[in-house]
Amino acid sequence: MPGFELVGKEEREEVNQLFDDGGILFAHGFDAIRNGRYRVREFEKAFAEKIGVKYAQAVSSGTAAIKVALFAAGVRSGDEVITQAFTFIATVEAIIDLGAKPILVNVNDTLNLDPVELKKAITPRTKAIVPVHMLGVACEMDKIQEIATEYNLAIIEDNCESLGARWNGKYLGTESLACAWSFDAGKVIITGEGGMVTTNDEEVYKLAREYHDHGHEYNAKFPRGRDTHRIRGFNYRMSELQAAIGLAQLKKLDFIVAKNAENYNIYFEALKELSNISFRRIPNKSQPLCDCLIFQLDTAEKAKWVVTEMNKSGLGTKNVPDAIEWHFARYWDHMLGELGMSKNELLDTMEPSERELSRSVAIPILVKMDKTTITSNAEKLVSILKQVN
Ligand SMILES: Cc1ncc(COP(=O)(O)O)c(C=O)c1O
């Protein structure tokens, strides 16, 4: 997720312009001294147009985006929200912060939500499903959509990691009730910290907008100081500074997606003939972001050995395994109370995900890597993998 690689001249120009225009960093008001520019609004509009949805609400982080989207979709205290065991911890924190109960479902060989397990986890208290498109690849959205329709459940996608990836030709995050996006420092495009909620549903959009901004209804009949309210909200607003950077970064998305695919293919071509590894299963209709290549060994021991050898050769890995503690619920025994499980139950429940994840290795694909470096890294990796039987 290489937005950070491309922060440069264009972002600096946007920020300089913001200061030349009066330096107003708040998204609202100060109308006479901001030279007519409202960058958060511009970023929302540009983002919605780019991915093809009606509404976008900028917020302060991806974590906030998940919480705001769930609130707008009607999730309240006591509801159950189903999500996957392999995700960044924020997905589960956002559910808990709303007073809802996260129900963790194992991942399958796509390393995303297992639709078979999803169906088994539904209860009369289930309100929503949060599929998380991890590390560039879509969840099996056709199966998940079918189950959601059968049980009348809302789908809120967590697409914080996979902006630019597609499902059946369309950008991910555009077909469900709402989607949460992140622009934190490690994401596809970055604003330092920041996020977005998108939807095609006007009421969901209005609730997201109100909830993220203390309940402000943006009532056109009144100035902001006299605005009306119908719900209690909070402050999850994005600043103009973040939006200025976002505007510059969004223009780089097509380049990022194309370059990722190019670099991914160099790696993939070098690895594809090896008979002792397999690749993460990519659902048929998923066109991945290609910012990460995941291969699997047949045992966890072999995967561990490969990672040790990779590190010795100066080759890094991504979240699997190098930040697995923050991305896999099996490690979250500090939240046993909220998850409603004992430590042993947590370990037992997560066993199918553990089997998949412990034998997986994720290689980061960067935009600025040149062909010579990728080829040389791929050669080093192939030579390590050839020693595994
Ligand atoms: C899948 C997923 N969900 C949510 C988040 C939270 O985003 P943020 O860091 O912007 O709060 C992240 C960020 O790492 C993520 O990867």
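What counts and how
- Residues numbered from 1 in each chain as written.
- Predicted model: local features only at pLDDT ≥ 70, side-chain atom pairs only at ≥ 80, totals over all residues.
- Heavy atoms only, no water.
- Axes fitted to C-alpha atoms, helices over the stretch in contact; angles between N-to-C directions.
- Helix = DSSP H or I, 4+ residues; strand = E, 2+ residues; numbered from the N terminus.
- Parallel < 35°, antiparallel > 145°, perpendicular 65-115°, else oblique.
- Left-handed = near helix turned anticlockwise from the far one by under 90°.
- Contact = heavy atoms within 4.5 Å.
- Nonpolar A, V, L, I, M, F, W, Y, C, P; charged D, E, K, R; others polar.
- 1 Å grid on protein atoms, 1.4 Å probe; cavity = no way out; pocket = protein on both sides within 12 Å on 5 of 7 lines; lining within 4 Å.
- Points joined across faces, edges and corners; volume = space filled by probe spheres on them.
- UniProt positions renumbered as here; feature names shortened; annotations may be inferred.

Trainee: Can you lay out the packing of helix α9 (residues 253-271) against helix α15 (residues 371-385) for me, pointing to particular residues and giving the numbers?
Mentor: Orientation of α9 relative to α15, taken along the N-to-C sense of each, is 30 degrees, at an axis distance of 9 Å. Classified by the interaxial angle, the pair formed by α9 and α15 is roughly parallel. Classified by chirality, the crossing of α15 by α9 is right-handed. Contacts between α9 and α15 involve Asn263, Ile266, Tyr267, Ala270 and Leu271 from the first element and Lys371, Ile374, Thr375, Asn377, Ala378, Leu381, Val382 and Leu385 from the second. Residue composition of the contact of α9 with α15, grouped by class: nine nonpolar, three polar and one charged.

Trainee: Please provide a residue-by-residue account of the layout of surface pockets, values included.
Mentor: Empty space among the atoms becomes visible once a probe the size of a water molecule is rolled across them. Taken as a whole, the largest pocket encloses approximately 300 Å³ of empty space. Forming the walls of the largest pocket are 15 residues, and the residues nearest its centre are Lys304, Pro321, Tyr331, Leu357 and Ser358. Secondary structure elements with two or more residues in the lining of the largest pocket: α10 (300-312), α11 (319-322), α14 (351-357) and β13 (360-364). Here the element with the most residues in the lining of the largest pocket is α10; it accounts for five residues. For the lining of the largest pocket, a count of residues per class yields 10 nonpolar, three polar and two charged.

Trainee: Got a sec to walk through the UniProt feature "modified residue: N6-(pyridoxal phosphate)lysine" (unreviewed entry) in the protein chain? Specific residues and values, please.
Mentor: The feature "modified residue: N6-(pyridoxal phosphate)lysine" (unreviewed entry), as annotated in UniProt, sits at Lys187 in this numbering. Counting through the fold element by element, Lys187 comes out in the loop between β8 (178-182) and β9 (195-199).

Trainee: Account for empty space enclosed by the protein, naming residues and giving values.
Mentor: Applying the stated criterion across every chain yields a total of two cavities of 30 Å³ or more. Looking at the largest cavity, its volume works out to about 80 Å³. In terms of lining, the largest cavity is formed by Leu135, Val137, Tyr264, Phe279, Arg280, Ile282, Pro288, Cys290, Cys292, Leu293 and Ile294. A total of three residues in the lining of the largest cavity trace back to one element, the largest contributor, which is strand β12 (residues 292-296). Its residues assigned to classes, the lining of the largest cavity shows 10 nonpolar, no polar and one charged. Space inside the second largest cavity adds up to approximately 30 Å³. Asn159, Cys160, Leu163, Trp181, Ser182, Phe183, Lys187, Val188 and Ile189 are the residues that line the second largest cavity. Its residues assigned to classes, the lining of the second largest cavity shows six nonpolar, two polar and one charged.

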